[in-house]
Amino acid sequence: MMEEGIPMTPSRTYTSPASTLPPQWVDEVEIVNGLLSDIVRLMGILNSMHATRVGTVFGKDLDDMESKIENMTGDITDKFRQAEK
């Protein structure tokens, strides 16, 4: 066959389906799902923090709770931004 200009080896190689990896977006979806699970968990904690805050009227506890709520809100916002990427 080489005399006719046709190569003896095939031009395509066979790749078995078991050896291929899933597309990159599959990993990214799993990451986003993990971030969303964290957000749901943190929102529950934030909700209870707000409920506790409503019961606090005066004192150092009020300032501490306000600070914790702001930090938790920032953490949740950061996770939303990570999921957007």
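The following paragraphs examine the structure supplied in this document. (Residues numbered from 1 in each chain as written. Predicted model: local features only at pLDDT ≥ 70, side-chain atom pairs only at ≥ 80, totals over all residues. Heavy atoms only, no water.)

Observations concerning the overall build of the chain
For step 1, the next point in the chain: Looking only at helices and strands, the chain features two helices and zero strands.
For step 2, the next point in the chain: Restricting the contact set of the chain to residue pairs at least 6 apart, pairs at least 24 apart contribute 53%.
For step 3, the next point in the chain: Accessible surface computed for the chain: about 7,200 Å², of which carbon and sulfur atoms make up 59%. (Helix = DSSP H or I, 4+ residues; strand = E, 2+ residues; numbered from the N terminus. Contact = heavy atoms within 4.5 Å. Areas by Shrake-Rupley, 256 points an atom, 1.4 Å probe, with all protein chains shown as cover.)

Topic: the packing of helix 1 (residues 24–55) against helix 2 (residues 60–84)
For step 1, the next point in the chain: With their axes 10 Å apart at the nearest point, helix 1 and helix 2 run at an angle of 160° to one another. Relative to helix 2, the element helix 1 lies roughly antiparallel. For the pair helix 1 and helix 2, the sense of crossing is left-handed. Across the interface between the two elements, Val32, Leu35, Asp38, Ile39, Leu42, Met43, Ile45, Leu46, Met49, His50, Thr52 and Arg53 from helix 1 touch Leu62, Met65, Glu66, Lys68, Ile69, Met72, Thr73, Ile76, Lys79, Phe80, Gln82 and Ala83 from helix 2.
For step 2, the next point in the chain: Of the residues that constitute the contact of helix 1 with helix 2, the class distribution is 15 nonpolar, four polar and five charged. (Axes fitted to C-alpha atoms, helices over the stretch in contact; angles between N-to-C directions. Parallel < 35°, antiparallel > 145°, perpendicular 65-115°, else oblique. Left-handed = near helix turned anticlockwise from the far one by under 90°. Nonpolar A, V, L, I, M, F, W, Y, C, P; charged D, E, K, R; others polar.)

Observations concerning the pattern of salt bridges
For step 1, the next point in the chain: Summed over all chains, the structure comprises two salt bridges.
For step 2, the next point in the chain: Of the charged contacts, one joins Arg53 and Glu66 as a salt bridge, the two residues approaching to 2.4 Å between their closest N and O atoms. Here Arg53 is found in helix 1, whereas its partner Glu66 is found in helix 2, with 13 residues between them in sequence.
For step 3, the next point in the chain: The partly exposed category is assigned to Arg53, whose relative accessible area is 26%. (Salt bridge = Lys/Arg side-chain N within 4 Å of Asp/Glu carboxyl O. Buried < 20%, exposed > 50% of the residue type's maximum accessible area, 1.4 Å probe, protein only.)

With respect to the nonpolar core
For step 1, the next point in the chain: In this structure, Ile39, Leu42, Leu46, Met49, Met65, Ile69, Met72 and Ile76 together form the largest nonpolar core, which totals eight residues.
For step 2, the next point in the chain: Elements that contribute at least two residues to this core include exactly helix 1 and helix 2.
For step 3, the next point in the chain: Residues in contact with Ile76, not counting those within four places in the same chain, are Ile39, Leu42, Met43 and Leu46. (Core = buried A, V, L, I, M, F, W, Y, C linked by side-chain atoms within 4.5 Å.)

Brief notes about the environment of Leu46
For step 1, the next point in the chain: Tracing the backbone through its elements, the reader meets Leu46 in helix 1.
For step 2, the next point in the chain: Taking the C-alpha atoms as reference points, Leu46 and Lys68, separated by 22 residues in sequence, lie 9.0 Å from one another.
For step 3, the next point in the chain: Look past the residues within four positions of Leu46 in its chain and what remains in contact with it is Ile69, Met72, Thr73 and Ile76.

So, helix 1
For step 1, the next point in the chain: An ideal rise of 1.5 Å per residue puts 46 Å on 32 residues; helix 1 measures up with 47 Å between its terminal C-alpha atoms.
For step 2, the next point in the chain: For helix 1, the full list of buried residues reads Leu35, Ile39, Leu42, Leu46 and Met49.
For step 3, the next point in the chain: Each element contacted by the buried residues of helix 1 is listed here: helix 2. (Expected span 1.5 Å × (residues − 1).)

Notes on helix 2
For step 1, the next point in the chain: Taking 1.5 Å of rise per residue, the 25 residues of helix 2 would be expected to cover 36 Å, and the 37 Å separating its terminal C-alpha atoms lies within 8% of that figure.
For step 2, the next point in the chain: Looking only at helix 2, the buried set comprises Leu62, Met65, Ile69, Met72, Ile76 and Ala83.
For step 3, the next point in the chain: As for helix 2, its buried residues are in contact with helix 1.

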